Amino acid sequence: MTFFDHIKTQFMQMASIPDEEWALFLNLFKVKQFKKGDFFVHAGNFSTDFGFVEKGIFRFFYTTYDGGEFNQTFKKEFDHMLSFTSILLNEPSNFSIQALEDSVLHVADYRDFETFYKRHPSWQELGRKVAEMNFIIKTKKEEQFLLYSAQERYENFAKANPEILKRIPQLHIASYLGVSAETLNRIIKKSKDS
């Protein structure tokens, strides 16, 4: 099964996309290589690129005025990524997207994809369902911060993301969970002892 066969399988669970539409969709993409540390999106820049991760992990993060960094989310193989607010609001992105490993992306211009919404109703259905899925993910993360302790947030993250946990530095996990590296070390030790 090819990379885009996996993507098509994901999409077909949300919308029935005709083969001819799928073939046109595939023509939008070019393969791009990213070294560890390279940026897909820089905060402060406008971006209309969107992509699918074939290989690697990326982090979405905010940078404060004093240089502090806060991870919002991570994307790995078969995930899609873009600065959606930058595209929708036609303004610079307020967060960055950076490769945490050497990575391979399939990248297209979102403005080219938007024309597909008028081509066939399956694309509108897919777009709606992806937006709903992203809304649920965002809401669930907010719930984690409002309703769960740091220990519970770590345990939930570890259970849902065992692969990511093994592949990225603890400092990035600590930033995502909203705790210091020292606190995360204590949490991990407590989890192992219990």
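For the structure, see preceding data.
Note that this is a predicted model, so its numbers are computed, not measured. (Residues numbered from 1 in each chain as written. Predicted model: local features only at pLDDT ≥ 70, side-chain atom pairs only at ≥ 80, totals over all residues. Heavy atoms only, no water.)

Chemist: When you look at the overall build of the protein chain in this model, what are you seeing that I'm missing?
Modeler: A tally of helices and strands in the protein chain yields 10 helices and 8 strands. The C-alpha radius of gyration computed for the protein chain amounts to 18 Å, which stays within 12% of the reference 16 Å derived for 194 residues, consistent with globular compactness. Principal-axis analysis of the C-alpha atoms gives the protein chain an extent of 55 × 35 × 30 Å. The buried share of the protein chain, reckoned over its 194 residues, is 41%. (Helix = DSSP H or I, 4+ residues; strand = E, 2+ residues; numbered from the N terminus. Rg over C-alpha atoms; globule rule 2.2 N^0.38 Å. Buried < 20%, exposed > 50% of the residue type's maximum accessible area, 1.4 Å probe, protein only.)

Chemist: What is the right way to look at the pattern of salt bridges in this model?
Modeler: Charged atoms that come close allow side chains of opposite charge to pair. Evaluated as defined, the whole model comprises 11 salt bridges. The residue R111 makes a salt bridge to D109 at a minimum N-O spacing of 2.7 Å. Under the relative-accessibility criterion, R111 is labelled partly exposed at 48%. Through salt bridges with shared partners, one network takes in E77, E101, E163 and R167. (Salt bridge = Lys/Arg side-chain N within 4 Å of Asp/Glu carboxyl O.)

Chemist: How should the packing of aromatic side chains be read in this particular structure?
Modeler: Ring pairs (aromatic) are described by centroid distance and by the angle formed between their planes. Tallying each qualifying case throughout the model produces 33 aromatic pairs. Measuring from centroid to centroid gives 5.9 Å for F11 and F25, while their planes differ by 55°, and the two rings are tilted. Here F25 lies in helix α2 (residues 19–26) and F11 lies in helix α1 (residues 3–12), a separation of 14 residues in the sequence. Between F50 and Y110 the ring centres are 5.7 Å apart and the planes differ by 80°, which places this aromatic pair in the edge-to-face class. Residue F50 is located in strand β3 (residues 49–55), and its partner Y110 is located in helix α4 (residues 110–114); the two are separated by 60 residues in the primary sequence. (Phe/Tyr/Trp six-rings, centres within 6.5 Å; stacked < 30°, edge-to-face > 60°.)

Chemist: Please explain the pairing of strand β4 (residues 58–63) as it appears in this structure.
Modeler: Each regular strand displays side chains that alternate between the two surfaces of the sheet. Two elements, β4 and strand β5 (residues 69–75), share 6 bridges in a ladder whose sense is antiparallel. For T63, the partnering residue across the bridge sits in β5 and is E69. In this sheet, strand β7 (residues 96–99) lies alongside β4 in antiparallel orientation, the contact comprising 4 bridges. Paired with F60 across the two strands is I97, which belongs to β7. (Pairing = 2+ DSSP bridges.)

Chemist: Sorry if this is basic, but what is going on with the sheet that holds β5 here?
Modeler: Hydrogen bonds between backbone groups are what pair the strands of a sheet, and the pairing can be parallel or antiparallel. Here we have 4 strands laid out as an open sheet, ordered β2-β7-β4-β5, and antiparallel in their pairing. Each of the sheet's edge strands pairs with one partner strand only, and the pair in question is β2 (39–41) and β5. Put simply, the sheet's adjacent strands are angled 30° from each other on average, direction ignored. Packed on one face of the sheet, helix α9 (residues 170–177) meets β4 and β5 and runs near 100° to β5. (Axes fitted to C-alpha atoms, helices over the stretch in contact; angles between N-to-C directions. Contact = heavy atoms within 4.5 Å.)

Chemist: Can you help me understand the nonpolar core in this one?
Modeler: Note on soluble globular proteins: their nonpolar side chains tend to be buried together. F11, F25, F50 and F52 are the most contacted members of the largest nonpolar core, which totals 22 residues. Looking at this core, the elements with two or more residues in it are α1, α2, β3, α4 and α6 (121–147). Top contributing element to this core by residue count: α1, with 4 residues. Those residues within four positions of F25 in sequence are excluded, and the remaining contacts are F4, F11, F50, F52, F113, F116 and W123. Counting 16 residues, the second-largest nonpolar core is a separate cluster that includes I57, I173, A174 and I187. (Core = buried A, V, L, I, M, F, W, Y, C linked by side-chain atoms within 4.5 Å.)

Chemist: Would you mind showing me how to read the sheet that holds strand β1 (residues 30–34) here?
Modeler: Read across the open sheet, the 4 strands follow the order β1-β8-β3-β6; overall the sheet is antiparallel. Each having just a single partner strand, β1 and β6 (80–82) make up the two edges of the open sheet. Between one strand and the next, the sheet's axes are offset by a mean angle of 35°, whatever the strand orientation. Of the pairings in the sheet, the one linking β1 to strand β8 (residues 103–109) comprises 5 bridges and is antiparallel in character. Bridge assignment links Q33 to a residue of β8, and that residue is V104.

Chemist: How do you make sense of the packing of α6 against helix α7 (residues 150–160) when you look at a structure like this?
Modeler: The description of two helices packed together rests on the angle between their axes and the distance between the axes. Two elements in contact, α6 and α7, have axes whose closest approach is 8 Å; the angle formed by their N-to-C orientations is 150°. Taken as axis vectors, α6 and α7 run roughly antiparallel relative to one another. Here α6 contributes Q144, F145 and L147 to the contact with α7, which in turn contributes E152, R153 and N156. (Parallel < 35°, antiparallel > 145°, perpendicular 65-115°, else oblique.)

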